Amino acid sequence: MNVENKTIKMNFLKKTKKQKEILLLDFGRGSVRGIIFESNKKNKILNFQTEKIERFGVFDGKDFEMDVVGKAANKLIENLGGESKIFELPKILGFSPDILKAEILNVSFKRESWKGKITEQEQEEIYKFVLAESETELFEKAGKDAEIFKKKILGQKISGYNVPSVVGLEGEELNFKILIVFSSKNYAEFIRAIKKDLHLESAEIFHSVEALNNLAAISAQIFNKGNYKMFINVGEKNTLICFFKENLESVADFQIGGYDFTKAIAREFNLKEDEAEAIKENFSDGKLSPQVSEKIKETILPVLNLWQENFTQCFKDKMGPFEIAIDPRLFGGASLLPLIKETVFKKAEIFLPENLPLQNKTKIIFSAKDTPSLLLTFCNNFNHKNEKNF
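Right, let's walk through the structure included here.

Cut-offs used in this document
Residues numbered from 1 in each chain as written. Predicted model: local features only at pLDDT ≥ 70, side-chain atom pairs only at ≥ 80, totals over all residues. Heavy atoms only, no water. Helix = DSSP H or I, 4+ residues; strand = E, 2+ residues; numbered from the N terminus. Buried < 20%, exposed > 50% of the residue type's maximum accessible area, 1.4 Å probe, protein only. Contact = heavy atoms within 4.5 Å. Areas by Shrake-Rupley, 256 points an atom, 1.4 Å probe, with all protein chains shown as cover. Pairing = 2+ DSSP bridges. Axes fitted to C-alpha atoms, helices over the stretch in contact; angles between N-to-C directions. Core = buried A, V, L, I, M, F, W, Y, C linked by side-chain atoms within 4.5 Å. Phe/Tyr/Trp six-rings, centres within 6.5 Å; stacked < 30°, edge-to-face > 60°. Lys NZ or Arg CZ within 6 Å of the ring centre and 35° of its normal. Salt bridge = Lys/Arg side-chain N within 4 Å of Asp/Glu carboxyl O. Parallel < 35°, antiparallel > 145°, perpendicular 65-115°, else oblique. Left-handed = near helix turned anticlockwise from the far one by under 90°. Nonpolar A, V, L, I, M, F, W, Y, C, P; charged D, E, K, R; others polar. Expected span 1.5 Å × (residues − 1).

Examining the overall build of the protein chain
Working step 1: A count of helical and extended segments in the protein chain gives eleven helices and 16 strands.
Working step 2: The buried share of the protein chain, taken over its 390 residues, is 50%.
Working step 3: Restricting to contacts in the protein chain with at least 6 residues of sequence separation, those with at least 24 account for 67%.
Working step 4: In the structure as shown, the protein chain presents an accessible area of about 19900 Å², 49% of it carried by carbon and sulfur atoms.

Some remarks on the sheet that holds strand S10 (residues 228–234)
Working step 1: A sheet is described by the order of its strands in space; here five strands give the open sequence S12-S11-S10-S13-S14, paired in mixed fashion. Bordering the open sheet on either side are strand S12 (248–254) and strand S14 (349–350), each of which pairs with just one other strand.
Working step 2: Packed onto the sheet, helix H10 (residues 338–345) meets S10, strand S13 (326–331) and S14 and runs at close to 165 degrees relative to S13.

Here's the deal with the side chain of Thr371
Working step 1: Checked against the element boundaries, Thr371 lands in helix H11 (residues 371–375).
Working step 2: Note on Thr371: relative accessible area 0%, which makes it buried.
Working step 3: With residues near it in sequence (within four places) discarded, Thr371 still touches Phe331, Phe351, Leu352 and Pro353.

Looking at helix H6 (residues 208–218)
Working step 1: In terms of residue burial, H6 counts as a mostly covered element, since nine of its eleven residues are buried.
Working step 2: Those residues of H6 not exposed but buried are Ser208, Val209, Glu210, Ala211, Leu212, Asn213, Asn214, Leu215 and Ala216.

Structural notes on the nonpolar core
Working step 1: Counting 64 residues, the largest nonpolar core has Leu25, Phe27, Phe95, Phe231, Cys242 and Leu356 as the members making the most contacts within it.
Working step 2: Top element by residues in this core is helix H2 (residues 66–79). It accounts for seven residues.
Working step 3: With residues near it in sequence (within four places) discarded, Leu25 still touches Arg33, Gly34, Leu76, Ile77, Leu80, Ile92, Leu93, Gly94 and Leu200.
Working step 4: Phe243, Ala264, Ile265 and Ala266 belong to the second-largest nonpolar core, a separate cluster that totals 32 residues.

Regarding the packing of aromatic side chains
Working step 1: Applying the stated rule across the entire model yields twelve aromatic pairs.
Working step 2: Each ring, one from Phe311 and one from Phe315, has its centre 6.3 Å from the other, and the planes form 35 degrees; the classification is tilted. Residue Phe311 and its partner Phe315 are both found in helix H9 (residues 290–319); the two are separated by four residues, about one turn of the helix.
Working step 3: One aromatic cluster in this structure is built from Phe243, Phe254, Trp307, Phe311 and Phe315.
Working step 4: If you follow Lys150 out to its NZ or CZ, it ends over the ring of Phe206, 4.0 Å from the centre.

Considering the pattern of salt bridges
Working step 1: According to the stated counting rule, one finds 15 salt bridges in the structure shown.
Working step 2: Among the salt bridges present, the one from Glu103 reaches Lys318, with a minimum N-O distance of 3.5 Å. With a gap of 215 residues between them, Glu103 in strand S5 (residues 101–110) and Lys318 in helix H9 connect regions that are remote in the sequence.
Working step 3: Among the residues examined, Lys318 registers a relative accessible area of 30% and is labelled partly exposed.
Working step 4: By sharing partners, the salt bridges in this structure join Glu103, Lys141 and Lys318 into a single network.

As for the sheet that holds strand S4 (residues 91–95)
Working step 1: The mixed open sheet is built from six strands, whose spatial order is S9-S4-S1-S2-S3-S15. Two strands bound the open sheet, and with one partner strand each, they are strand S9 (204–205) and strand S15 (358–360).
Working step 2: Across three bridges, the pairing between strand S3 (residues 43–52) and S15 is parallel. Following the sheet pairing, Ile45 is matched in S15 by Asn360.
Working step 3: The strands touched by helix H5 (residues 185–197) are strand S1 (21–27), S4 and S9; relative to S4, the strand with the most contacts, the crossing angle is about 145 degrees.

Topic: the packing of helix H7 (residues 258–269) against H9
Working step 1: Where H7 meets H9, the axes come as close as 9 Å, and the angle between the chain directions of the two elements is 130 degrees. Between H7 and H9, the angle is such that the two are oblique. Taken as a pair, H7 and H9 cross one another with a handedness that is right-handed. Where H7 approaches H9, its residues Asp260, Phe261, Ala264, Ile265, Glu268 and Phe269 are matched on the opposing element by Lys295, Ile296, Thr299, Ile300, Val303 and Leu304.
Working step 2: Considered class by class, the residues forming the contact of H7 with H9 number eight nonpolar, one polar and three charged.

Things to note about helix H4 (residues 120–142)
Working step 1: Over its 23 residues, H4 runs 32 Å from end to end, which matches the ideal 33 Å to within 8%, given 1.5 Å per residue.
Working step 2: Among the residues of H4, those classed as buried are Glu122, Gln123, Ile126, Tyr127, Val130, Leu131, Ser134 and Leu138.

With respect to the pairing of strand S6 (residues 146–158)
Working step 1: Examined bridge by bridge, S6 and strand S8 (residues 173–184) share eleven bridges and lie antiparallel to one another. Across the sheet, residue Lys151 finds its bridge partner in S8, namely Ile180.
Working step 2: In this sheet, strand S7 (residues 161–162) lies alongside S6 in antiparallel orientation, the contact comprising two bridges. In the sheet register, Ile158 faces S7, and the bridge partner there is Tyr161.
Working step 3: Hairpin connection from S6 to S7: two residues lie between these consecutive antiparallel strands, with Ser159 at a positive phi of about 55 degrees.

In structure tokens form, the structure reads like this:
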């Protein structure tokens, strides 16, 4: 090899080793966020844009207003550099957790003891069985209206022991932890329409619980061993709760979020929803006078009480009626409402973007309302060593 060819080869190797940029589009209720980032153990955020969806709460009912959502998304893509820039980038799509849902199911399988060691063929047969069982169980919980996007085996045990693979092992009792990502059929139609209209057919859809599960495998700082951890995303239309011990244990959600607090303010003061939203944000930031703040507290207290009742019920359903030491971490736009932290949790931490292993190369100062979108940048890398994708 001559010197010139050697130099060309070395330059090619340098280019191929460069981390490729990825595009993330996260569709919320009131806005769509776009992120261009490089994926690594400390993701590098290169560009972050937000575009408001003109009509608040646009995803109501069956008649999705694709023109409104598409207009916001197209403007966002233009601000990120245009279609030509992002055309060849790998793409990730995220959606509000009341649109795209997740469920953790535990499925058991009993072998005949005389079968001996598990072969690869038997393992595949067992996987096929438990995934089919998980699908049946999901439809029993969520109803036949559910449409499944993906199923993942997050963990597996044989005779009570966690194992990365069951091949070559003996035992009768096998237990599997399975994540299912799904939505209603109406929302599934909306997601498919978004992908088609915006030319995002190659984009992969992820749920934020997948990102948290990946982070549990790589971030000792966030998932320090000891107490149970509870990550609570208080979104616009619902609240998502993820329970962790060593790994992801369960997921729950209920249909109360920041939008309900906004509606209460709008009704009480006879305001438009965007005006009420601005007042709610000023209240969260401590920018209102003591008299006005007190009136806002009185107005949203019934919603807060209902939120707490639903949260308590979800907690009991997933964790049981016992007192368990839990580290709660709040994020999402409505998590900034001081009453949620002060009244419900006392010592809850706000899960900020700065808590994530990120490098922020933009000039934006991120807040807890940006955490859900930034969290999704950890979806496509560092899959848990026990995780099987289907």
